[in-house]
Amino acid sequence: MKRHILCVFILSFSSSSAYAAEGIFASLLSPSLIIPYMAICAVLFILAIYLYASLIKNKRAKKNMEEDMSVKMSRLEIKSALYASVLDSMPDFIFYTDIRGAYIGCNENFEKFIGVKQNDLIGKTPKDIFLNSQEDISDSIIIADKRVLTTGQMEVTEENRVYPNGDARLFEIIRAPLRANGRLAGVIGLGRDITERKASEKAAAAAAKTKDGFLSKISHEIRAPLNAIIGMSNIAKSNIDNKEKAIGSINESLKASNRLLNFLNNILDISQIETGKFEMAAQPFNIAASYAEISEMMRQECSEKNIKFTTNADSFSKTGVIGDKSRINQVIMSLLENAVKFTDTGGEISYIINILEETEKSIKLEFTIKDSGIGMDYKQVEKLLVPFKQTDLAAAMSSGGMGLGLAISRSIVKLMGSRIAIESVPGKGSLVSFSVDFEKDKQTAPDENIKHVNDSGKMNLSEKRILIVEDIIVNRIILKELLASTSVKTEEADDGTVALKKFENSPKSYYDLIFMDVQMPTMDGYEATRKIRALDRSDAKTVPIVAMTANAYKEDIEKAIESGMNAHLSKPIDIKSVMKALKYYLNTKK
């Protein structure tokens, strides 16, 4: 463009133009200088135009540049604010240092962690920040940062740190190289509070260890009696002709069965205690009668180990109280069995009841079990009342038990408003006691499960008929065998619908009693009982229906009664309980 203008300008100087110019400027210049002079003026004019155009262009460029700079600065500020917001919103603390180890930035959590604002932090080193603090950790920080700068690799460490307020926490700190334009520029670090996580991991590990120990003990407590049951059953089977040996083997099998049942009951009790569903009954019973139910068993166990057993429970034959007889018996049995377990042959065990306080309406009794066994020190006593803890593992393994009985006993006694006290001396024996406040009862106390009846003597029930409702055939066989000695007639139903149909199609008063299983397919025992009670016939309202179930909780018994059943027997079925039910509902029936 520049050459084009210049060329046109020069070509415009024709000879006539020169003559004209020569006339005009004759007085100033000689004709020979006019053309060069005009050329210079043209060049200066063009240069002026160019400079003016450049000035306008530069002005516009400057304006555009300022506008671009403003936009870029605005974007940069937004990005910086965004980065700061993101960093500050993170639950972890973040810091970054330059190659010399001086801080060049951080987030709010790091400010709180060290108690210094970011503006006061920038340019400072760890020595400047932590040297005079409550805990000088500057050296360890500097060493860790140098390690990352030297290796160029990320590093993860766990470090204890103390906040300015004195709160000690455990942090997982991640340090990584900070690079700029491909070169190492410093260190960026992130610190995460893992105090709770570590505590949870530790608790989980402890729980897993406890679970493993629990399952191991569970396995032992189930397999040991099962081994005895299976082994002794095979021995009895192989010695049918040797009556004495067969009976002895059967008795051992029964003992192992009772041990397994007791263990299962303890597990269920622990579960109910932990879930807050464990409740105490309030029913009248006789103290001496309560003891009589366990004395025979305890005397036999003591006799087998040649242990002398004494008691004064018989002197309370006229003492009637209101309370939970079955739970009192459970505690006393647990304490006595523990005494027998840890008392050597030739030792002594005593069970003593003392009156601590007595009024016209109440009586406070102290129950004490004393033995001459191996005894315990105070550390063993502390473990004794904790579930699954045993004071002497060797003794526990040889005698059986998981430490559940005493822990359950403690909970039961606590629900009665008391506590178990233990005094013990290693090698000299132990004394365990607890006291209970009872409301007096002057009337005869009935049995809390089925009304009290005299179970002595045999019954002839050949004129009676019982319907056994049970879906498992082996359970029907067992119950029929238990009833065989009474000569009672039996019929069977393997489901609630079958039982209902049998009763509907039977003549009036055909069945004298129904043993009703609770858990069955198609129609359970509760529904079958309700439907029988709803039938339009008089005997449907009066026929005794006794529940048979593996569920022995209070709510299960209440559910059975609410459905229309008369009583509740828990499995495994006890022959004495069956006979009590028969005597009450059949032997006294008019």
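Everything numeric here is computed off the predicted structure, so don't read it as measured data.

Conventions adopted
- Each residue is numbered by its place in its chain's sequence as written, counting from 1.
- With pLDDT at 70 or above as the cut-off, local features in this predicted model cover only qualifying residues; side-chain atom pairs require 80 or more to be listed or tallied, and sums for whole chains, interfaces and linings still use all residues.
- In computing side-chain values, all of the structure's heavy atoms are included and hydrogens and water are not.
- Only protein chains enter the area calculation, which uses a 1.4 Å probe; residues under 20% of their type maximum are buried, those over 50% are exposed, and those in between are partly exposed.
- Only DSSP runs of H or I with at least four residues qualify as helices, and only runs of E with at least two residues qualify as strands; both kinds are numbered from the N terminus onward.
- Regarding the arc, it is the one traced by the directions from the helix axis to the C-beta atoms.
- We count a salt bridge whenever a side-chain nitrogen from Lys or Arg sits within 4 Å of a carboxyl oxygen from Asp or Glu.
- The pairing criterion is simple: DSSP has to find at least two bridges between the two strands.
- The axes are straight lines fitted to the C-alpha atoms, using for helices just the contacting stretch, and the angles between their N-to-C directions are given from 0 to 180°.
- Should any heavy atoms of two residues lie within 4.5 Å, those residues are counted as being in contact.
- Within this analysis, patches are made of residues with over 30% relative accessible area and no salt bridge. Like charges are joined at 9 Å or less; nonpolar side chains (Val, Leu, Ile, Met, Phe, Trp, Tyr) at 5 Å or less.
- Note on areas: Shrake-Rupley, 1.4 Å probe, and residue coverage restricted to the protein chains presented here.
- Only buried Ala, Val, Leu, Ile, Met, Phe, Trp, Tyr and Cys residues count toward a nonpolar core, and they belong to the same one when joined by side-chain atoms within 4.5 Å.
- In a helix, the anticipated span is given by 1.5 Å times the number of residues less one.

J.: Even after reading the chapter, I still don't get helix 16 (residues 496-505), so can you show me in this structure?
T.: Working note: α-helix, 3.6 residues per turn, so residues spaced by three or four point in the same direction. Looking at helix 16, one finds that the buried residues are Gly496, Ala499, Leu500 and Phe503. Taken end-on, helix 16 shows its buried residues confined to a sector of 100 degrees, consistent with a single buried face. Facing away from the buried side of helix 16, by more than 90 degrees, are the exposed residues Lys501 and Asn505.

J.: Looking at this structure, I do not really get the pattern of salt bridges. What am I missing?
T.: Any two side chains of opposite charge can pair, on the condition that their charged atoms come close. Tallying each qualifying case throughout the model produces 21 salt bridges. Close ionic contact of Glu201 with Lys198 constitutes a salt bridge, the shortest N to O distance being 3.7 Å. With Glu201 and Lys198 both in helix 8 (residues 195-238) and three residues apart, this pair spans about one turn of that helix. You can call Glu201 partly exposed: its relative accessible area is 38%. In this structure, Arg476 engages Glu492 in a salt bridge whose closest nitrogen and oxygen atoms are separated by 2.7 Å. Of this pair, Arg476 sits in helix 15 (residues 473-483) while Glu492 sits in strand 14 (residues 489-493), and the two are 16 residues apart along the sequence. Ionic contacts of the salt-bridge type, sharing partners, join the residues Glu158, Glu172, Arg197, Lys198 and Glu201 into one network.

J.: Which parts of the structure should I look at to understand the sheet that holds strand 2 (residues 103-106)?
T.: Within a sheet, adjacent strands bond to each other through the backbone by hydrogen bonds, running parallel or antiparallel. Ordered by their spatial adjacency, five strands build an open sheet running 2-1-5-4-3, and the pairing between neighbours is antiparallel. Each of the sheet's edge strands pairs with one partner strand only, and the pair in question is strand 2 and strand 3 (155-162). Strand after strand, the sheet turns through a mean of 25 degrees between neighbouring axes, direction not considered. Here strand 1 (residues 93-98) pairs with strand 5 (residues 183-193) via six bridges, running antiparallel. Looking across to strand 5, one finds that Thr97 is bridged to Val187. This element, helix 7 (residues 138-151), spans strand 2, strand 3, strand 4 (168-180) and strand 5 of the sheet and lies at about 35 degrees to strand 4.

J.: In this structure, what is going on with a nonpolar patch on the surface? I would like to understand it.
T.: Residues Ile40, Leu44, Leu47, Tyr50 and Leu51 make up a contiguous nonpolar surface patch of about 500 Å² in total accessible area. Looking at the secondary structure, you find Leu44 in helix 3 (residues 31-89).

J.: So what exactly am I meant to see when it comes to the nonpolar core here?
T.: Within soluble globular proteins, side chains that are nonpolar tend to cluster in buried spots. In this structure, Leu336, Ile349, Tyr351, Phe367, Phe434 and Phe438 are the most contacted members of the largest nonpolar core, which totals 40 residues. Where this core is concerned, the elements lending two or more residues are helix 10 (287-304), helix 11 (325-341), strand 9 (348-358), strand 10 (362-371), helix 14 (404-415) and strand 12 (429-440). In terms of residue count, helix 11 provides more of this core than any other element does, eight residues in total. Listed in part, the 22 residues of the second largest apolar core include Met520, Met523, Ala528 and Leu535.

J.: Can you walk me through helix 11 in this structure?
T.: Its 17 residues place the ends of helix 11 24 Å apart at the C-alpha level, agreeing with the 24 Å of an ideal helix rising 1.5 Å per residue. Of all the 17 residues making up helix 11, 13 are buried; the element is thus mostly covered by neighbouring parts of the structure.

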